[in-house]
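Listed below, chain by chain, are the residues.
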Amino acid sequence: MSKTHYSQLLDHHMHTTLSPDGRQSFDDIAQDTIARGKELVVTTDHMELFYLNKGNFFCVDMDEYAKEFAAIQAKYPQLTFMRGMELGYESAAAGQIQQFIDDQQLAVAIISIHTLFDGKDLADEIAKDGYWKYSNDLFDDVLNATIDALEKLHGFQTLGHLDYCWRYMKKKPKSLEPYYPKLDKIFQLLIEKEISLDINTAGWRYGLPFAHPQPAILERYYAVGGRMVTLGSDAHFTKDINADFERALKMLAEIGFDYITEFRPQMTKVFLTDIDY
Ligand SMILES: [Zn+2]
Ligand SMILES: [Zn+2]
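Residues numbered from 1 in each chain as written. Chains lettered and ligands numbered in written order. Predicted model: local features only at pLDDT ≥ 70, side-chain atom pairs only at ≥ 80, totals over all residues. Heavy atoms only, no water.

- The protein chain is annotated in an unreviewed UniProt entry as Histidinol-phosphatase from Culicoidibacter larvae.
- One UniProt comment on the protein chain, placed under Sequence similarities (unreviewed entry), says "Belongs to the PHP hydrolase family. HisK subfamily." (UniProt positions renumbered as here; feature names shortened; annotations may be inferred.)

**Considerations on the overall build of the protein chain**
1) Next: The helix and strand tally for the protein chain stands at nine helices and 12 strands.
2) Next: For the protein chain, the C-alpha atoms occupy an extent of roughly 50 × 45 × 35 Å along the three principal directions.
3) Next: Of all intrachain contacts in the protein chain linking residues separated by at least 6 positions in sequence, the fraction that spans at least 24 positions is 73%.
4) Next: Per element, the accessible surface of the protein chain, about 12000 Å² overall, is 49% carbon and sulfur.
5) Next: Charge separation in the protein chain, taken as the distance between the mean sites of 28 positive and 42 negative side-chain charges, equals 4 Å. (Helix = DSSP H or I, 4+ residues; strand = E, 2+ residues; numbered from the N terminus. Contact = heavy atoms within 4.5 Å. Areas by Shrake-Rupley, 256 points an atom, 1.4 Å probe, with all protein chains shown as cover. Lys, Arg positive; Asp, Glu negative; His and termini not counted. Charge placed at Lys NZ, Arg CZ, Asp CG, Glu CD.)

**Remarks on the coordination of the zinc ion (ligand 1)**
Put simply, the ideal angle at a metal is 109.5 degrees for four donors in tetrahedral geometry and 90 or 180 degrees for six donors in octahedral geometry.
1) Next: Here the zinc ion (ligand 1) is held by the protein donor atoms Glu86 (OE), His114 (NE2) and His161 (NE2), which lie 2.1 to 2.2 Å from it.
2) Next: Donor residues for the zinc ion (ligand 1), ordered by position in the chain, follow E-x27-H-x46-H.
3) Next: Classification of histidine 114 as buried rests on a relative accessible area of 7%. (Donors = N, O, S within 2.8 Å, 3.2 Å for Na, K, Ca; no water. Buried < 20%, exposed > 50% of the residue type's maximum accessible area, 1.4 Å probe, protein only.)

**Some thoughts on the coordination of the zinc ion (ligand 2)**
1) Next: For the zinc ion (ligand 2), every protein donor is listed as His13 (NE2), His15 (NE2), Glu86 (OE) and Asp234 (OD), and the spread of their distances is 2.1 to 2.2 Å.
2) Next: The sequence pattern describing where the donors of the zinc ion (ligand 2) fall on their chain is H-x1-H-x70-E-x147-D.
3) Next: In this structure, the zinc ion (ligand 2) lies 3.3 Å from the zinc ion (ligand 1), and both are coordinated by glutamate 86. There is no split in this pair, since histidine 13 and histidine 15 are both buried.

**Brief notes about the sheet that holds strand 9 (residues 229-232)**
1) Next: The parallel open sheet is built from six strands, whose spatial order is 2-3-4-7-8-9. If you trace the sheet from one side to the other, it starts and ends with strand 2 (40-47) and strand 9, each paired once.
2) Next: Pairing geometry for strand 8 (residues 196-200) and strand 9, over four bridges, is parallel. Within the sheet, the bridge partner assigned to aspartate 198 lies in strand 9 and is threonine 230.
3) Next: Here helix 3 (residues 94-104) sits on the sheet and contacts strand 2, strand 3 (80-88) and strand 4 (108-112); the angle it forms with strand 3, its principal contact strand, is near 170°. (Pairing = 2+ DSSP bridges. Axes fitted to C-alpha atoms, helices over the stretch in contact; angles between N-to-C directions.)

**A word on the pairing of strand 11 (residues 267-271)**
1) Next: The alternating pattern of strand 11 places Thr268 and Val270 on a buried face and Met267, Lys269 and Phe271 on a face that is not buried.
2) Next: When strand 10 (residues 259-263) meets strand 11, the two strands line up antiparallel, connected through five bridges. From the neighbouring strand, phenylalanine 263 faces strand 11, where its bridge partner is methionine 267.
3) Next: Between strand 10 and the antiparallel strand that follows it, strand 11, lie three residues.

**Digging into the side chain of asparagine 242**
1) Next: With respect to the secondary-structure elements, asparagine 242 resides in the loop between strand 9 and helix 9 (245-255).
2) Next: Judged by relative accessible area, which is 4%, asparagine 242 ranks as buried.
3) Next: A distance of 3.2 Å separates a polar atom in the side chain of asparagine 242 from the backbone oxygen of tyrosine 6.
4) Next: Within the structure, asparagine 242 has its side chain in polar contact with the side chain of lysine 38 (distance 3.3 Å).
5) Next: Those residues within four positions of asparagine 242 in sequence are excluded, and the remaining contacts are Tyr6, Ser7, Gln8, Leu9, Asp11, Arg36, Lys38 and Ser233. (Polar contact = N/O pair within 3.5 Å; in protein donor to acceptor, adjacent residues only side chain to side chain.)

**Regarding the packing of helix 8 (residues 215-223) against helix 9**
1) Next: Direction vectors running N to C along helix 8 and helix 9 enclose 45°, while the axes themselves pass 10 Å from each other. The orientation of helix 8 with respect to helix 9, classified from their angle, is oblique. Here helix 8 and helix 9 pass one another in a crossing that is right-handed. The residues of helix 9 that touch helix 8, namely those facing Pro215, Leu218, Glu219 and Tyr222, are Met251, Leu252 and Ile255.
2) Next: Taken together, the residues of the contact of helix 8 with helix 9 sort by class into six nonpolar, no polar and one charged. (Parallel < 35°, antiparallel > 145°, perpendicular 65-115°, else oblique. Left-handed = near helix turned anticlockwise from the far one by under 90°. Nonpolar A, V, L, I, M, F, W, Y, C, P; charged D, E, K, R; others polar.)

Spelled out as structure tokens, the structure:
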């Protein structure tokens, strides 16, 4: 059997122009998929249900999505488009988010923490004001929100960029050890619910020395038995699709992982020995 080249692996995390920060159309993505010799493609636009009917900030218009999706699939019958969404979690919207997961039956539903403290954006108010205005320990708040999400929700595929808040923290924790009890709780819930960790290569593009989550967190996940990891570029531009996947695979191999998980949409193990990277 010939090996799959890393540039042809399924990218589980990318945004289209349906996201306010997305700069690639469905057509751009289709062209890229063809150029790579791939057939399967999934997009995961932002859906922040907390804001639905409160300004619809970062909410996809599902009618527009259905129209665009049907049109692109009809235009490129040689490709298989799968439906996905990146769902921002807020405790107050947990019921709506679960309803959305149940109703939509997506191939890839990612749960991510983009906001805390009732809808304050980590990348916006919290970054601008300084998180210390809201919190003594931002990462601890993110972990609490993540545990809450994992306890309340089920039936989604991946947990998005667990240490995304690192991008917006001027003072970062020196050691992760104090966070091990909460991280372990998260990992236990992921394993129990068969939810994969998003290996989000955007960290490198944001000038961080790692993909999310950072290697120390992944090492801990591996040590407690976590094995499900899923590659995602978080591309908002076509040039970033499958970005740094070879680098991510090398890092995973170093930690000890011997396979990645793809949702095609059936859950599929792809062994590193079967990938050219
Ligand atoms: Zn995100
Ligand atoms: Zn994203």
